[in-house]
Amino acid sequence: MSDTEKTFTLTNDQTGESVKLPVRDGTIGPSVIDVRALYAETGHFTFDPSFTATGSCKSRITYIDGEEGILMHRGYMIEQLVEKSNFMEVAYLLLNGNLPDQTQYEDFRHTITYHTMVHEQVHNFFRGFRRDAHPMAVMCGAVGGLSAFYHDSLDIWDERQREISAHRLIAKMGTLAAMAHKYSIGQPFVYPDNSLDYASNFLKMCFSVPAEKYEVNPILAEAMDKILILHMDHEQNASTSTVRLAGSSQANPFACIASGIACLWGPSHGGANQEVLEMLAEIGNKKRIPEFIEKAKDKNDPFRLMGFGHRVYKNFDPRANVLKKYADQVLQELGIQDEQLELAMELERIALEDPYFIERKLFPNVDFYSGIILKAMGFPTSMFTVLFALARTVGWVSQWKEMIEEPSLRIGRPRQLYVGPAKRDYIDIKKR
Ligand code: SDX
């Protein structure tokens, strides 16, 4: 360790022994204390069960400032990307690191478009599920099963195969998500239409039927495109960390993304958007809001205000602000007077005046308003987390690719604080 290198010194107050640990600086944001030598030098592990203060990797993809409510992808603010870009261009940016020029954009768009069809045998996957299966259960199975179809792109050490897998996953997630929706409502699957952009194609696969002509509503297509951008990536959240850990064992990319889908499904994570709508339905009207606010504050009641709070954002979630604006706009343009939006805004107003939420810095997160728009677009609540997974596949795949390309890739293997029984001898059952 050179004299000029920044360090932290950790001292054992009982023995006086100390260890110097290097400090690593990023481009922006908190520096890190590199503890990789800690166990070898002190015989101690760090202890951070929910990773509240642990950096698990280096990444160039997304930066979040929780205090300032900043979300950037490859240095571009989310507000600018939502306003000026589109799903395909932001997907290129996350995967490749820079905005594409016209040729790169057209090539990427063409590649993704021409990978949207799935193998015809995949249709049989769906037929094994009950019609009332939760679409996220179907997605876990279908995406994991893609490993069985693409043996030509499972070698993670081959750059070209990594790229093909990334393209296939981004392209086919929309088709699979639409198929999950169609299967759950008993309608026939709709094949992709290569003449449409990604968001429009997705809406057509979800809402058209063979018996009628279908014109994509441009307002809905634009809203869908923006919703996909807003959900694309979010640093090392639970599902992205799951994908990285699965990928660190060199599992194939389809299996890794399936693990991310499984983790995202949880109500504390991506499953919250469905829970928000169910919570608003349970609250029913503004008069019952105080009752639910009290329930959320009651430590003896497991109820939480779904769509509120965030591990990182302690001021506001910039995505919620954009979605709130879009919710208003989409409902107005569709001529929908949605009482649940009124209810949600009143719930937000009351909660943000309550000391419990103010002290804990609990604000609406990305899930609080997204469901209101998705419901207005015609999606059942059970599809909300599938749409989150559809968008987040771009981030998962980008983070997986970045990890595999990291020269120091090793399998992730945390340790623990053991608090179980000390060594003891086996006792024969007759003597217990
Ligand atoms: C996503 O990580 C990401 O980036 C995730 C995500 C992404 O894009 O990938 O942003 C997507 O998952 C958004 C979050 C969606 N989940 C919800 O909306 C579910 C409701 N929110 C929470 O359960 C909670 O806020 C979390 C899970 C989001 C964050 O949990 P933390 O950081 O572990 O916070 P915590 O559980 O330790 O809570 C701190 C305090 C506690 O009270 P005290 O014990 O200090 O008295 O705040 C309270 C909690 O009880 N609290 C809530 C609350 N959220 C936290 N109380 C009531 N309602 C809530 N929603």
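Quantities reported herein were computed from a predicted structural model and do not represent experimental measurements.

**Focus on the nonpolar core**
Judged by nonpolar contacts, the single largest core of 118 residues is most densely connected at F126, L176, M224, L305 and F379. In terms of residues, this core owes the most to one element, helix α18 (residues 384–404), which gives 13 residues.

**Examining the sheet that holds strand β4 (residues 62–65)**
The antiparallel open sheet is built from three strands, whose spatial order is β4-β5-β6. Every other strand in the sheet has two partners, leaving β4 and β6 (76–77) as the edge strands with one partner each. In the sheet, β4 pairs with strand β5 (residues 70–73) via four bridges, with the strands oriented antiparallel. Across the sheet, the residue bridging to D65 is I70, located in β5.

**Comments concerning the site of the ligand**
Not every one of the 24 residues close to the ligand is listed here, only the nearest: H234, L305, H310, R311 and R319. In this structure, G307 approaches the ligand through a main-chain N or O atom, which is 2.8 Å from an oxygen atom. Within the complex, 77% of the 1,100 Å² of free accessible area of the ligand lies under protein. For the shell around the ligand, the per-class residue count stands at nine nonpolar, eight polar and seven charged.

**Some remarks on the sheet that holds strand β3 (residues 32–33)**
Pairing in this open sheet of three strands is antiparallel, and the strands run β1-β2-β3 from one edge to the other. Sheet topology places β1 (7–11) and β3 at the edges, where each strand pairs with a single neighbour. As paired elements, β1 and strand β2 (residues 18–24) share five bridges and run antiparallel to each other. Across the sheet, the residue bridging to F8 is L21, located in β2.

About the cut-offs
Residues numbered from 1 in each chain as written. Predicted model: local features only at pLDDT ≥ 70, side-chain atom pairs only at ≥ 80, totals over all residues. Heavy atoms only, no water. Core = buried A, V, L, I, M, F, W, Y, C linked by side-chain atoms within 4.5 Å. Buried < 20%, exposed > 50% of the residue type's maximum accessible area, 1.4 Å probe, protein only. Helix = DSSP H or I, 4+ residues; strand = E, 2+ residues; numbered from the N terminus. Pairing = 2+ DSSP bridges. Near = heavy atom within 4 Å. Polar contact = N/O pair within 3.5 Å; in protein donor to acceptor, adjacent residues only side chain to side chain. Areas by Shrake-Rupley, 256 points an atom, 1.4 Å probe, with all protein chains shown as cover. Nonpolar A, V, L, I, M, F, W, Y, C, P; charged D, E, K, R; others polar.

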